[in-house]
Amino acid sequence: MANRPQIPANNSALIAMIADEDTVTGFLLAGVGNVDIRRKTNYLIVDSKTTVKAIEDAFKEFTTKEDIAIVLISQYVANVIRFLVDSYNNPIPAILEIPSKDHPYDPAHDSVLSRVKYLFSAESVASDRR
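Numbering of residues starts from 1 in each chain and follows the order in which that chain's sequence is written. Side-chain atom pairs in this predicted model are given and counted only at pLDDT of 80 or more, local residue features only at pLDDT of at least 70, and totals for whole chains, interfaces and linings cover all residues. Hydrogens and waters are ignored; side-chain quantities use all the structure's heavy atoms.

Basically, it comes down to this: UniProt positions are given in the numbering used here, feature names are shortened, and annotations may be inferred rather than shown by experiment.
Where an unreviewed UniProt entry is consulted, the protein chain appears under the name V-type proton ATPase subunit F, with the organism given as Acorus calamus. Listed in UniProt under the heading Sequence similarities (unreviewed entry), the comment for the protein chain reads: "Belongs to the V-ATPase F subunit family." UniProt's Function (unreviewed entry) comment on the protein chain is quoted here verbatim: "Subunit of the V1 complex of vacuolar(H+)-ATPase (V-ATPase), a multisubunit enzyme composed of a peripheral complex (V1) that hydrolyzes ATP and a membrane integral complex (V0) that translocates protons. V-ATPase is responsible for acidifying and maintaining the pH of intracellular compartments."

Shown next, in the form of structure tokens:
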């Protein structure tokens, strides 16, 4: 066990969050919180006073940082910046829409689910042509 290699810290990746206070608090208690040396966090708590620009800026920041692998965003927040979420097409960081306790999840508005449905429908059409 003494010769076991350590995982290098520079290969680790973070989860970023854009959600309501209860959701972010739950994930912070689970250990996903991070504060870097510039005092920047990997989460944004959205409430009634949060501006659309602040949500857009956080989304753009989280999707361009190299140490973020997944961005969890509450679906009702994603609906506010739907144009950004739908236009994002990079595999990393992955964007996952999650429900919140006050807003029910609607699979019809989930960008990932709609892309999966499109891929499966395209594959089924292509396989029927063979």
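Let us keep going from here.
**Some points on the pairing of strand β3 (residues 68-74)**
The criterion, for reference: The rule is simple: take the accessible area with a 1.4 Å probe, protein chains only, and divide by the maximum for that residue type; under 20% is buried, over 50% is exposed, in between is partly exposed. By definition, any uninterrupted DSSP run of H or I lasting at least four residues is a helix, any uninterrupted run of E lasting at least two residues is a strand, and each is numbered from the N terminus. Between any two strands, at least two bridges found by DSSP are needed for them to pair.
Of all seven residues making up β3, five are buried, and the element is well covered by its neighbours. Bridging between strand β1 (residues 14-19) and β3 involves five bridges; their strand directions are parallel. Along β3, the bridge assignment pairs Leu14 with Ile68. Sheet topology note: the β3/strand β4 (residues 94-98) ladder contains five bridges and is parallel. Among the inter-strand pairings, Val71 is bridged to a residue of β4, identified as Ile95.

**What to know about the nonpolar core**
Just so we agree on the cut-off: Joining through side-chain atoms within 4.5 Å is the link that ties buried Ala, Val, Leu, Ile, Met, Phe, Trp, Tyr and Cys residues into a set, and such a set is a nonpolar core. By definition, residues are in contact when any of their heavy atoms lie within 4.5 Å.
Residues Ile18, Phe59 and Ile73 are the most contacted members of the largest nonpolar core, which totals 18 residues. Breaking this core down by element, the ones donating at least two residues are β1, α2 (52-64), β3, α3 (75-80) and α4 (82-87). Per-element accounting of this core gives the leading share, four residues, to α2. Setting aside anything within four residues of it in sequence, one finds Phe59 in contact with Ile18, Ile73, Ile81, Leu84, Val85, Tyr88 and Ile95. Counting five residues, the second-largest nonpolar core is a separate cluster that includes Ala19, Val24, Leu72 and Ile98.

**Observations regarding unusual backbone geometry**
In this chain, Ile92 is followed by Pro93 through a cis amide linkage whose omega measures 0 degrees. At Arg39, a position not held by glycine, the phi torsion is positive, near 70 degrees. Structurally, Arg39 is set in the loop between α1 (21-29) and β2 (43-45). Note on Arg39: relative accessible area 68%, which makes it exposed.

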